[in-house]
Amino acid sequence: LAPSAGEPRLRLLMAIDADGRIETLFVQPADPPVLDDPPASFDEAVEELDELGRVGALSAEIVDGVCTAIDERGADDVLPIGSVFKLYVLGAVADAIAAGELDWEDELTVTDDVRSLPSGITQDEPTGTALSVLELTGRMIAISDNTATDLLIDAVGRDAVEQIQAEMGHADPTLNEPFLTTREVFIIKTDDMLLERFAGADPGARRAIVDEIADRPLPDLALGDFAGDPIAPDAVEWFATPADLCRALAHLAEISTQPGLAEIAAVMSEQPGIPAQGFDEVWFKGGSEPGVLAAAWLVRREGRTFAVTASVVDPEVAFDQQFALLTMAELRGFLP
């Protein structure tokens, strides 16, 4: 039905399971939001992001797996990246598949000890539900599904994700040791004593805390409990530089051409973040929590491959994340 005059149009995405029940219901604006006064240059966009918090940003061309900067501000600054960390989980999954240790069609089982909290839909699956690696990977990237992510980390092993970071070009993988699951982050961030201990700990002490909470139940949170003030996003998070994220995208692009790994391109291109014109292909992964917004795009046109990566953080005040994402998306428009 057409909306009444002045009413916004909505786009409804619905998936039905084999029994005819709704398993996915996703509502979003039919017309993507736009900036009222878009920036006119890379520097102007970064200056607007700088008003929100500490920012790092990079646009680069990728040739033979190497990122060459076109424009940058703080490209080597370590920043929280939210769910963009899932690029490293995807890399570890791909590595396991290439080694014959895992297959896209292998099924993983939802269990209460791996179940996490939204975003996503897998947390609502009944215990014992079996889902393929490919479906879980798609959910992890396209809708940033936390439980799907934790199932994949459990399947490949935490050590594998920690190790793949260096192979994917992360300059300091110890920043993410131990490599936290989303479930562990929720548990730590909802316990003030744990939060204080973890925030000041070295990798060894952090790993001891993770071992300590292995059997803890999920916190009982209502939807929106994590939508208020920032909760230590500069201390309990996943961390990388914009340059690290460019190298991670370059690695995924390179291995996606290998036999059996074409699915990487399929899952990475399902959700563009913000629609983009003038590109032949768009890969995207974003991540956020109050006080953090990060985004990583890989785009292709006319035989050239580019990356745009950015993160902004304010550990004290939650900022307008839609404005931040729209502004980051504008950076793609200044590529040559």
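Relevant structure appears above.
All values reported here derive from a predicted model rather than from experimental measurement.

Asks: Before we move on, can you summarise the overall build of the protein with the specific residues and values?
Replies: Within the protein, the secondary structure is distributed over 11 helices and 11 strands. Burial status across the protein gives 50% buried among its 336 residues. Sequence separation of 24 or more characterises 65% of the internal contacts of the protein that already satisfy a separation of 6 or more. On the protein, roughly 15400 Å² of surface is accessible, and the fraction owed to carbon and sulfur atoms is 49%.

Asks: Which residues make up the pairing of strand β10 (residues 292-301), and what values do they have?
Replies: Burial within β10 is extensive, with 9 of its 10 residues counted as buried. Where strand β9 (residues 281-289) meets β10, 9 bridges bridge the pair, whose relative direction is antiparallel. Across the sheet, Phe 284 pairs through a bridge with Trp 297, a residue of β10. What sits between the antiparallel neighbours β9 and β10 is a turn of 2 residues, in which Gly 291 has the positive phi angle 90°. With 10 bridges joining them, β10 and strand β11 (residues 304-313) adopt antiparallel strand pairing. Looking at β11, one finds that Arg 301 is bridged to Arg 304. The turn joining β10 and β11, which pair antiparallel and follow one another in sequence, is formed by 2 residues; a positive phi near 50° is taken by Glu 302.

Asks: Run through the pattern of salt bridges, naming residues and quoting values.
Replies: Considering all chains together, one arrives at 11 salt bridges under this definition. Here the salt bridges share partners, and the residues they tie into one network are Glu 125, Glu 135 and Arg 139.

Asks: Give a detailed account of the state of the cysteines, specifying residues and quantitative values.
Replies: Considering all chains together, one arrives at 1 disulfide under this definition. Here Cys 67 engages in a disulfide with Cys 246; their sulfurs sit 2.2 Å apart. Around the S-S axis, the bridge from Cys 67 to Cys 246 shows a dihedral of about -105° and counts as left-handed. Of this pair, Cys 67 sits in strand β4 (residues 66-73) while Cys 246 sits in helix α9 (residues 242-255); the two residues are 179 residues apart in sequence, bridging distant segments of the chain.

Asks: Now, about a negative patch on the surface: what can you tell me, with residues and values included?
Replies: On the surface, a cluster of negative charge is contributed by Asp 43, Glu 47, Asp 50 and Glu 51. As for its placement among the helices and strands, Glu 51 is situated in the loop between α1 (42-50) and β3 (54-63).

Asks: Run through the environment of Asp 113, naming residues and quoting values.
Replies: Tracing the backbone shows Asp 113 in the loop between β6 (107-109) and β7 (130-132). Along the primary structure Asp 113 and Leu 218 are separated by 105 residues, whereas in three dimensions their C-alpha atoms are 8.7 Å apart. Within the structure, the side chain of Asp 113 is placed 2.5 Å from the side chain of Thr 111, a separation counted as a polar contact.

Asks: Describe in detail helix α8 (residues 203-212), supporting the description with residues and values.
Replies: Of the positions making up α8, those classed as buried are Arg 206, Ile 209 and Val 210. For α8, the angular spread of buried residues about the axis comes to 100°, placing them on one side. Turned more than 90 degrees from where α8 packs its buried face, Gly 204 and Asp 211 sit exposed. Those residues of α8 hidden inside the fold are in contact with α5 (158-167), α6 (182-189) and α7 (192-199).

Asks: Outline the packing of aromatic side chains, listing residues and values.
Replies: In the structure shown here, the tally under the stated rule is 3 aromatic pairs. When the centroid spacing of 5.7 Å and the interplanar angle of 55° are considered together, the rings of Phe 85 and Phe 179 count as tilted. Of the two residues, Phe 85 is situated in the loop between β5 (79-80) and α2 (86-98) and Phe 179 in the loop between α5 and α6; the sequence distance between them amounts to 94 residues. For the pair formed by Phe 85 and Phe 179, the shared burial category is buried. Pairing Phe 284 with Trp 297 gives two aromatic rings, centres 5.0 Å apart and planes at 35°, and the pair type is tilted. Separated by 13 residues along the polypeptide, Phe 284 in strand β9 and Trp 297 in strand β10 bring together distant segments of the chain. With a relative accessible area of 10%, Phe 284 lands in the buried category. For Trp 297, a relative accessible area of 1% puts it in the buried group. One aromatic cluster is present, built from ring pairs that chain together Phe 85, Phe 179 and Trp 238.

Asks: Which residues make up α6, and what are the values?
Replies: Of all 8 residues in α6, 8 are buried, a share of seventy percent or more. Burial in α6 covers these residues: Thr 182, Arg 183, Glu 184, Val 185, Phe 186, Ile 187, Ile 188 and Lys 189. Contacts made by the buried residues of α6 are with α4 (146-156), α5, α7, α8 and β9.

Asks: Run through the sheet that holds β4, naming residues and quoting values.
Replies: With antiparallel pairing, the 5 strands of this open sheet are ordered in space as β4-β3-β11-β10-β9. In this open sheet, the two edge strands, each paired with only one partner strand, are β4 and β9. Put simply, the sheet's adjacent strands are angled 15° from each other on average, direction ignored. Where β3 and β4 come together, 7 bridges link them in antiparallel fashion. Across the sheet, Ile 62 pairs through a bridge with Cys 67, a residue of β4.

About the thresholds
Residues numbered from 1 in each chain as written. Predicted model: local features only at pLDDT ≥ 70, side-chain atom pairs only at ≥ 80, totals over all residues. Heavy atoms only, no water. Helix = DSSP H or I, 4+ residues; strand = E, 2+ residues; numbered from the N terminus. Buried < 20%, exposed > 50% of the residue type's maximum accessible area, 1.4 Å probe, protein only. Contact = heavy atoms within 4.5 Å. Areas by Shrake-Rupley, 256 points an atom, 1.4 Å probe, with all protein chains shown as cover. Pairing = 2+ DSSP bridges. Salt bridge = Lys/Arg side-chain N within 4 Å of Asp/Glu carboxyl O. Disulfide = S-S within 2.5 Å. Patch = residues over 30% accessible without salt bridge, like charges linked within 9 Å, V, L, I, M, F, W, Y side chains within 5 Å. Lys, Arg positive; Asp, Glu negative; His and termini not counted. Charge placed at Lys NZ, Arg CZ, Asp CG, Glu CD. Polar contact = N/O pair within 3.5 Å; in protein donor to acceptor, adjacent residues only side chain to side chain. Arc of directions from axis to C-beta. Phe/Tyr/Trp six-rings, centres within 6.5 Å; stacked < 30°, edge-to-face > 60°. Axes fitted to C-alpha atoms, helices over the stretch in contact; angles between N-to-C directions.

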